[in-house]
Each structure stands twice: as structure tokens, then as C-alpha cells.
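Descriptive analysis of the structure
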Protein chains: 2
Amino acid sequence: MRKVAIIGVGMTKFGHHWDRDLVNLAVEAGSKSIRDANLHQKDIQALYIGTMSGGLFINQEHLGSMISDYSGFKNIPSTRVEAACASGGLALRQAYLDIKSGNSDIVVAGGVEKMTDIGSYSITKVLATASDTEREAAFGATFPGLYAMMAKLHMYKYKTTEEQLAYVSVKNHKNALYNKYAQFQKKISVDDVLNSPLIADPLKLLDASPITDGAAAVILASEKKARELCDTPVWISGSGHATDSISLHDRDDLLTLRASVAAAKQAYLQSKIQPKDIQMAEVHDCFTIAELLALEDLGFVKKGESGKFIETGQTEIGGKIPINTSGGLKAKGHPVGATGIAQVIEAVLQLRGDAGKRNTNAEIALTHNVGGSGGTSVVHILRR
Amino acid sequence: MRKVAIIGVGMTKFGHHWDRDLVNLAVEAGSKSIRDANLHQKDIQALYIGTMSGGLFINQEHLGSMISDYSGFKNIPSTRVEAACASGGLALRQAYLDIKSGNSDIVVAGGVEKMTDIGSYSITKVLATASDTEREAAFGATFPGLYAMMAKLHMYKYKTTEEQLAYVSVKNHKNALYNKYAQFQKKISVDDVLNSPLIADPLKLLDASPITDGAAAVILASEKKARELCDTPVWISGSGHATDSISLHDRDDLLTLRASVAAAKQAYLQSKIQPKDIQMAEVHDCFTIAELLALEDLGFVKKGESGKFIETGQTEIGGKIPINTSGGLKAKGHPVGATGIAQVIEAVLQLRGDAGKRNTNAEIALTHNVGGSGGTSVVHILRR
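**Digging into a negative patch on the surface**
A cluster of acidic residues, E163, D191, D192 and E311 of chain A, forms a negative patch at the surface. Secondary-structure assignment places D192 of chain A in helix α8 (residues 190-195).

Written out as C-alpha cells, the structure reads:
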């Protein structure tokens, strides 16, 4: 089977872009990724774009065609894929399969979301369409509530503390200080988190990722093209994707995202490596508890041990396994469809040694992108 | 490269299913396709689902996870793809690329839409999100108006008549008489069409495809699995996908869907055949004028000659090239996300000789699925 590499990356600043629309953000990220790969528009053979809800956020579907059009591409195939907040990870995966199949040699995979243009509808209600709308959201169980239940149970079962949860935010904000694309470049303390407004007990405002506009894109190439065009290709050595019950209440174990376990297993098998070989990871910290669960589901620590692991600094830059060096969803921001691609961009920068003050010298990295409360999970393993 | 075949098909009755929801329809179609392939649920390795706007129609995104979950699949990868009314065709294409890449051996590709559950929002407004919402729909140019402009110009340039347009509906309704899954099994006359209410001059109500609920699914398999499991595999010998400007007003020629021309060219090249070799086709007749344009863009007739070609019966069953033997979008119904898959099901039934009174004895068939006013086009060529 053909090998696939990432040879270019580009993203917008994440934040509130009141003066720009979705397509404008997508075109900026795509153009930057093409330039980063030293390519021209005409070299791109196909486009995959992840976005959660163009329909409800901006009243626009058919964004594959629209983004290709406004990017000035000439009639190339362009496909939108969606799996709620894992839409970006899936766009990467479909681009990877496209090249693996022999269909294309150079493909752009992007993710984008414009969340702040919404009119009368509430953003929380749009995000709730990633859950089983009629059986979760209709009863008031929006995502802060769903993740709060997981947090409560983790605290009850494993003596995890609110301080340990808070530490995820503190670390991710610290990492984002050195990421100019991050939404927040502001140091916070454990006390700041604990004293922020309660949104769904035990989660406070600063346990939650923010509302963000932004776009991210990467260029994928076949082995032959990658070696021709690029001195520092980053190889996709494993791609895993799995689903689980869309509803939290349908799971035997509320504290295991089976989709993440299954997706990680596929990616580890393909890469022929084990969790201990991973040197940095970008994981899906939509809420602080989600980062704890990710460490456990990905096999970095045993079930129940993530709180202590984080509290003792082992996930910091310089620690045993740096997690969310980009600032994560919490501090870099979480434009839902773009997140999966932005995670991959951080991994690529780390593997290239281009992450500046965030550099970890990693040679093997993992990205972990979740949709809903774990209905979808996408895991990629990347290597120098 | 690996060959890919279709080894099972299944669909719901198309129509108004007031008592059923989207997922229920999707599960029926999927189950039927698995049974048709003599497989069991556990044999399915991945799922692709095309749907245009779960968000705006039923307030539910993340349908890849949800449909996999409610189908009882255990953690398989499940991906939603969207390109407005070409979502189904793209789901097939992504499933095809997945198998070609070596990632999977047996995959289900489905399409579904539930259009009649909508609340206060209008269906026409949801469908308009397939256009450039801010630059077309906002000025009143919804799809009946856009296709009416194409029809007017075709009439002006090529002396095409309203009767010739009407004949598309008459033929498609006639074909649907023998399709028990069709929304309408009712013969109509040219006069019926001409006397139906005008919706956008020159298009009348009976020039337009209806609002429909429905789902369709097919099982794809690698060559090895297809030969093992199936006596009558239908091979995907060409897959084309292209985009164009999302807005009609951005095109040099309003009467050529460049996306269709480009997608067809890819599919013909891969199949090593020419338009004259195609023995039946399912084309995207969202409005009668769209069937005329399709015949021209796919190379079955020269530009401007489609009206006469249709009027002289050459697209009827028994004619030179039977078109839309299923009844087409007009009479079979048009649950937008499901249409691309339902077209492929008709082609498979024809190639297997399982289309009953609609049989054409075709050995090579083509399917043509369009998003918006031609912003996306997906073409597949299928062979016995």
C-alpha cells in the first residue's frame, strides 16, 4: 500500500472573527498550506473539508463546492465530511484514503467553523445536535451536562479532584502563551479555574473550551510526491476511526470512550507501536475531564490514574508525555470542524522541530479527535 | 489497483413517511442491503452515509455515528458526507475509495433524507442552502428559479419547447408505474404537465421533483470478497467527481454543467469507454430541464439536441438509451441525500436483469448525481 505524508500546513488565528465569513477563513488556511508546501493552486487534485454544521451556524450547506470555488480551484473533486467535532480528523482520514487508493497524489484536507455569526438560534443548541437530539438534548442534557456527569463519576470512582481537572486548563493556557494562533494567550491559575462560574457541577467556565471561529488545512502527498517535493515530510503511519453509541446513557461504562479505544487500537496496530512510544499528543480536551479520559483511553496511563499523572506535571512540555502543546481546545480555541486539522498541524510542527518555544523534540506524535460525547473518535499517528 | 463491486442493494419506499424518523428509514435500507448480499451485520467493516441537511431538516448532525449506533454496528468507522443533492453519490464514491485503498473489504454506502418533519423553517429555504445562500437565495433565486433560467435560455437558444420539457415528466412517470418503491405510480400526460401550476416560468409544478422521505443503501466489496460472496457482482468501472462555481451567475455558459462534463470525462477514461457505449442511465432530473442538460453534458447528444431526442422517444425503455427507468427524481421521488444511492440501485437491478417490467438488458450503465445547480457532480459507470 502507498505511504502518505503531510508536506504543508496552514491555519488562521483562532478567535472571534466578526469581520470575516467561513469561506474567507477556509481560503486563508488553504492558501497558507499550499504556500507552506511550495506548491501552486493547480497542483491540488482534490479537497476534503470538515465542518460540523454550516447549515445551522451560517445557513450554508454544500461547502465542499463553495470552498473549492472561492479558492479558485478548477473543477476538482471537493468533499465535505462531518462527524460533529471530529469532522476535521475525518477530513484528514478521507484525504489519506484517497491518496492510498491511488486516486490522487496531492490533496488538501481542511477544517473550518464559523460559530459567532449565529442569529437567533443558540450555539449550545447547535452543538447539541452532535448528541442524540431527541433523547439527550431534548431533556436538557447538552454537552456541559454530559461531560459533567463523566467528571462526577471519575471523581467518585477514582478520587479525582477538581484541582486535577483545573490543572488541565492551567497547563493548556500556559502552552498557548507560545502559540500565536491561539485564541487565548493568557496565563491562568488553578484558583482562577476553581473560582470561575459553575456551568455544570463540577465543571466551571474555565474547564470548558470556548466558542471559536477558525480554519486549518494540511497538504497530503503520496510517497513519491512527498520525497520529490519536501525535505521534511511527516508520515501518517496509522489512521484509526471508530464509533460508539451516540448517547452517553447507552454505554456500559461512562468513563471509557470505546470509540477512542477502538480507533487508537487500529492506529497502533498499523504503526506497529505502543502507547509508550508516543512522545507527544494532541487530545480532544473539549472539557478538562475529556483530557483525563483521553489519557486513559489512549493507553498513556491506567484507568483512574490520569488525575494524579496530570497533577504531577507529566503532561507538561518537558514531562513524560507532553499533551496539547498547542494549548489544546481549551486555550488554542475550538472551531469545531477545524479542530481535528489544527491538532495535526501542531503534531507536524513538533515533528519538524518548528514549534518554537513549544518544541518537544518528538519523533512520534498522536492526534485524537472526538465527536459528541464519544460517538465518533479519530486517531492518527504521525512520524518524522 | 483493487477492483470494487456492488453485491447488495436495499431501499425504503420513497414518499411521505409521517410516522417514521430518519434513522428508522436508514436502518431499513441498510438491513435490506445486507440481507440482499447474504451477509450479516458483523461482516460490515465501514459505513458511509450521504445526507444533505440533518441539521436544518431534523435538527440532528453526527448522523454517521447515530445511524451506525441504531443499526447495531459495534464501533465501526462511519462517515457522513455531504454535497447537497449529490451527497448519496459521494457516499458511494468514498466507500469505493475506502475499499480501493485496501482499508476495508466490505462497506455499506447509504443515503437518506427526512424532509417532511420540518418545523417552522421552509423546505425550499433548506434546499436553498445548496446554492450560495448569501449571493443567490438571499435575492430570491431559489432552485426553481435557477433551473427556470436555464430552461428559458435553452428554449431561446435551441428552440426547445415546453412540450419537450414536459415529455421528461411523462416518460419518468410512465417508468415509475413499474417501480413499487416510487413515490408516484400515476401516469400523466403532456397536457397534465402544461396545465399544472406555474412555479417559475417556464417550469410548472409537474416539471419539478417532489419533496420526499426515503433511504437507500448498497453493499460494496473488494474483488476477492465479491467473487467469493456473489454470483452477480456489478463492477464500478469508473468513478468521477468534480465541482464548479456554486453560483449559476459565475459561469461562462449557463447551459453546461462543467462539473458534470468533468466528472463524466474521468469516469469514461477510467472505464475506457465512450458515451455511445452506455446502455442505460439514471440522471439527475431535479427539474425536467436538468434531464435535458444531463443528456448533453454526458455526451449522449450534442448540445441543444436533447429536446428533440427526448420527444422522439429515444430515452424511453426500448429506445436508443433508456433514461431514468426507475422513474427518476421526478416520479420515484427525491429524498435529496438518498437520491445518488437510489440511482445506483436502479443501475444494479438493470445490470442484474432484476428490474422486472423495466428491464433494458443493459450491460453498461451510468449514474449522474448533481448537487445544487451544478456546483457538484458525481458520475459512476457500472458494468456486469
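Back to the write-up after that little detour.
**Digging into the nonpolar core**
With 130 residues, the main nonpolar core has Y147, I278, I289 and F300 of chain A together with Y147, I278 and F300 of chain B as its most contacted residues. Look past the residues within four positions of Y147 of chain B in its chain and what remains in contact with it is L203, C286, F287, I289, A290, V370, G372, S373 and G374 of chain B. A46, V81 and L97 of chain A together with A365 of chain B belong to the second largest nonpolar core, which has 78 residues in total.

**Thoughts on the interface of chain A and chain B**
The interface is formed by 59 residues belonging to chain A together with 59 residues belonging to chain B. In total, chain A and chain B occlude about 4,600 Å² of area from one another, counting both sides; carbon and sulfur atoms represent 44% of this. Inspection of the region where chain A meets chain B yields four salt bridges. Notably, a salt bridge pairs D21 of chain B with R135 of chain A, separated by 3.9 Å at the nearest N-O pair. Linking chain A with chain B are 40 residue pairs in polar contact (both at pLDDT 80 or more).

**Some details on the domain arrangement of chain A**
Residue and element names in this part refer to chain A. When its domains are assigned, chain A resolves into domain 1 (4-119 + 212-234) and domain 2 (130-210 + 239-383). Domain 1 and domain 2 are separated by 23 Å when their C-alpha centres are compared. On the side of domain 2, 38 residues touch domain 1, which itself brings 44 residues to the contact. Buried area between domain 1 and domain 2, both sides added, is near 3,000 Å², and the carbon and sulfur share of it is 68%. Three residues stand out in domain 1 for area buried against domain 2, namely F14, C85 and V234, and they jointly supply 22% of the buried area on that side. In this assembly, domain 1 and domain 2 are joined by one salt bridge.

Each value, and the rule that gives it
Residues numbered from 1 in each chain as written. Chains lettered and ligands numbered in written order. Predicted model: local features only at pLDDT ≥ 70, side-chain atom pairs only at ≥ 80, totals over all residues. Heavy atoms only, no water. Patch = residues over 30% accessible without salt bridge, like charges linked within 9 Å, V, L, I, M, F, W, Y side chains within 5 Å. Areas by Shrake-Rupley, 256 points an atom, 1.4 Å probe, with all protein chains shown as cover. Salt bridge = Lys/Arg side-chain N within 4 Å of Asp/Glu carboxyl O. Lys, Arg positive; Asp, Glu negative; His and termini not counted. Charge placed at Lys NZ, Arg CZ, Asp CG, Glu CD. Helix = DSSP H or I, 4+ residues; strand = E, 2+ residues; numbered from the N terminus. Core = buried A, V, L, I, M, F, W, Y, C linked by side-chain atoms within 4.5 Å. Buried < 20%, exposed > 50% of the residue type's maximum accessible area, 1.4 Å probe, protein only. Contact = heavy atoms within 4.5 Å. Buried area = accessible area lost by both parts, 1.4 Å probe. Polar contact = N/O pair within 3.5 Å; in protein donor to acceptor, adjacent residues only side chain to side chain. Domains from an automatic or database assignment.

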